[in-house]
Amino acid sequence: MTAPTKPPHRTPARPDAELSPADLHAPVIDWFEENARDLPWRRPEAGAWGVMVSEFMLQQTPVSRVLPVYEQWLARWPRPADLAAEAPGEAVRAWGRLGYPRRALRLHGAAVAITERHGGDVPSDHAQLLALPGIGEYTAAAVASFAYGRRHAVLDTNVRRVFARAVTGVRYPPNATTAAERKLARALLPEDEPTAARWAAASMELGALVCTAKNETCVRCPIAAQCAWRLAGKPEHEGPPRRGQTYAGTDRQVRGKLLAVLREAHAPVPQDALDRVWHEPVQRARALDGLVADGLVEPLPDGLYRLPLT
């Protein structure tokens, strides 16, 4: 449940001086303390494993869809070793309709590595996290910061948008994270670890709730008075058009339909059962081949298929 709001903390705009990181830290963190959503992976009992699971699930997936799957996942696999003991296909099955199911295989692989290399405890060291299967720079920084309070620049889409607007003065960040964005994020980090970790969470929440991609609510923003984009009159995006991802009719949709059949079955599935889910045979075959190549589906003799056991 979101905490009650209070009038945003504001400091005077400084149009004649360079914006200092300190001008942003206190207002954003104060706002976060009053407005942060009560999410299960933010509670102390979630632990580092709960944080890691949430980070895998939240990639390109809204919180509302993640919550029920997250709760079920942690109830079934409260520690990495619990997941590692299961077949990877069970992770795919439990992933349900979150989308991008390769994330389930990667999370399973990370659980196996954590169990084998770290005694079943999610490591706190950024380099050790980065060495786990399926974990990139963002996830390693997020787990180290959110679970262990370490000082790292955590750059997701929401944070990048906040920094682009507040500091750079543009409406949207580039499509892919750039070296300049990483440099800026490091420059904005508070020096002490606890404040840096709080800043990482607070700036992310600000982008998720206030400084949104569309229909941003600047009247609720604690740093509206300092925001370079707002002070410049909110200039329109000058880069290539930003198009939303399509889903209907794509190979992604076909893959999802094929996986749904396999998730619901607890025995190998014949080819004809898969054929019934999509009318176009060439696209259907391409989607199935892709699932096999990605390790999400295991072909068996006699035209049978199942979720992977190894």
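Preceding block: the structure.
Remember, predicted model here, so these are calculated numbers, not experimental data.

Analysis parameters
- Residues numbered from 1 in each chain as written.
- Predicted model: local features only at pLDDT ≥ 70, side-chain atom pairs only at ≥ 80, totals over all residues.
- Heavy atoms only, no water.
- Pairing = 2+ DSSP bridges.
- Helix = DSSP H or I, 4+ residues; strand = E, 2+ residues; numbered from the N terminus.
- Expected span 1.5 Å × (residues − 1).
- Buried < 20%, exposed > 50% of the residue type's maximum accessible area, 1.4 Å probe, protein only.
- Contact = heavy atoms within 4.5 Å.
- Axes fitted to C-alpha atoms, helices over the stretch in contact; angles between N-to-C directions.
- Parallel < 35°, antiparallel > 145°, perpendicular 65-115°, else oblique.
- Left-handed = near helix turned anticlockwise from the far one by under 90°.
- Nonpolar A, V, L, I, M, F, W, Y, C, P; charged D, E, K, R; others polar.

Taken in spatial order, the three strands of this open sheet run β1-β3-β2, and their pairing is antiparallel. Each edge of the open sheet carries a strand with a single partner, namely β1 (269-270) and β2 (298-300). Alignment of β2 against strand β3 (residues 304-306), held across three bridges, turns out to be antiparallel. Following the sheet pairing, Pro299 is matched in β3 by Tyr305.

Here we come to helix α6 (residues 102-117). Think of an α-helix as turning once every 3.6 residues; residues three or four places apart then point the same way. Taking 1.5 Å of rise per residue, 16 residues should cover 22 Å, and α6 covers 22 Å from first to last C-alpha, within 8% of that figure. All of the buried residues in α6 are Arg103, Ala104, Leu105, Leu107, His108, Ala110, Ala111, Ala113 and Ile114. Where α6 is buried, its residues meet α2 (47-58), α3 (63-76), α4 (80-84) and α5 (88-95). Of the residues one or two after α6, Gly119 is the one with positive phi, at around 65°.

This part takes up the packing of helix α13 (residues 251-264) against helix α15 (residues 281-293). Between α13 and α15, whose axes approach to 9 Å, the crossing angle comes to 70°. Considering their axes alone, α13 and α15 lie roughly perpendicular with respect to each other. Considering only the axes of α13 and α15, their crossing is right-handed. Counting all contacts with α13, which are made through Asp251, Val254, Arg255, Leu258 and Leu259, the residues of α15 involved are Gln283, Arg284, Arg286, Ala287, Leu288, Gly290 and Leu291. Tallied by class, the residues present in the contact of α13 with α15 amount to six nonpolar, two polar and four charged.

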